[in-house]
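Listed here are the chains, written in short residue letters.
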Amino acid sequence: MVRFWECYVEGTGGGQHYKHYTLEEAQKEAERLARLFNVKGKTVYLFECVGKCRIEPMPIKWEIPRE
């Protein structure tokens, strides 16, 4: 599993989420979002994917990225 980050603007429905494969890319996008007219004053969060799971059909399988 490849490590990635997504941005989230507080108080929104989430909108489109894009995977950023470096922390630097995600930080640039968060700063861009924070400057938008309709976002000013809201907090922009960076979320890092710490794992994923799916059912195949059973049991549930987890994958955790390594540091």
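Our subject is the structure that appears above.
Just so it is clear, the structure is predicted and the values come from calculations on it, not from any experiment. (Residues numbered from 1 in each chain as written. Predicted model: local features only at pLDDT ≥ 70, side-chain atom pairs only at ≥ 80, totals over all residues. Heavy atoms only, no water.)

A. Structural detail: the pattern of salt bridges. Applying the stated criterion to the full structure yields two salt bridges. Among the ionic pairs, Arg3 bridges to Glu48, the shortest N-O distance being 2.7 Å. Of this pair, Arg3 sits in the segment before strand S1 (5-9) while Glu48 sits in strand S2 (residues 44-48), placing them 45 residues apart in sequence. Arg3 sits in the partly exposed class, given a relative accessible area of 30%. A salt bridge links Glu29 to Arg32, with the nearest nitrogen and oxygen atoms 2.8 Å apart. Within this pair, Glu29 and its partner Arg32 are both found in helix H1 (residues 23-35), separated by three residues, close to a single helical turn. (Salt bridge = Lys/Arg side-chain N within 4 Å of Asp/Glu carboxyl O. Helix = DSSP H or I, 4+ residues; strand = E, 2+ residues; numbered from the N terminus. Buried < 20%, exposed > 50% of the residue type's maximum accessible area, 1.4 Å probe, protein only.)

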